[in-house]
Amino acid sequence: MIQIVIYSIVFIALVFFFRKAGKDKSKWGINLKRVYCPVCNTKQPIIRWPESMEQAAWGGTTCPKCHTRLDKYGRVIS
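Because the structure is predicted, anything quoted here is derived from the model rather than measured.

**Focus: the confidence of the model for the protein**
In the predicted model, the protein carries a mean pLDDT of 87, and the fraction of residues at 70 or more is 97%. Across the protein, the secondary-structure element scoring lowest on mean pLDDT is helix α1 (residues 2-23), at 86, and the one scoring highest is strand β2 (residues 69-70), at 92.

Shown next, in the form of structure tokens:
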């Protein structure tokens, strides 16, 4: 019974952590919204194909039209 309470507290803490990180747009956050390329205004596909290990680990995509590298929030990665 104590394990269930501890696991529940840890789970709730993780949910709050990832929600706050998503609102702050940090790399730990989760973005569930569609992203548009800021350069050519193209809607990015729902299913992404990462081109680097950074994109695979932290999210992000490359615009199929102008080949701009984007993070998971649609910001340009230099």
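**Some thoughts on the side chain of Gln44**
Looking at the secondary structure, you find Gln44 in the loop between α1 and α2 (53-58). Classification of Gln44 by relative accessible area gives buried; the value is 2%. A distance of 3.1 Å separates a polar side-chain atom of Gln44 from the backbone oxygen of Thr42. Residues within four places of Gln44 in sequence aside, it is in contact with Arg34, Val35, Cys37, Thr61, Thr62, Cys63, Pro64 and Leu70.

Calculation notes
Residues numbered from 1 in each chain as written. Predicted model: local features only at pLDDT ≥ 70, side-chain atom pairs only at ≥ 80, totals over all residues. Heavy atoms only, no water. pLDDT = per-residue confidence, 0-100. Helix = DSSP H or I, 4+ residues; strand = E, 2+ residues; numbered from the N terminus. Buried < 20%, exposed > 50% of the residue type's maximum accessible area, 1.4 Å probe, protein only. Polar contact = N/O pair within 3.5 Å; in protein donor to acceptor, adjacent residues only side chain to side chain. Contact = heavy atoms within 4.5 Å.

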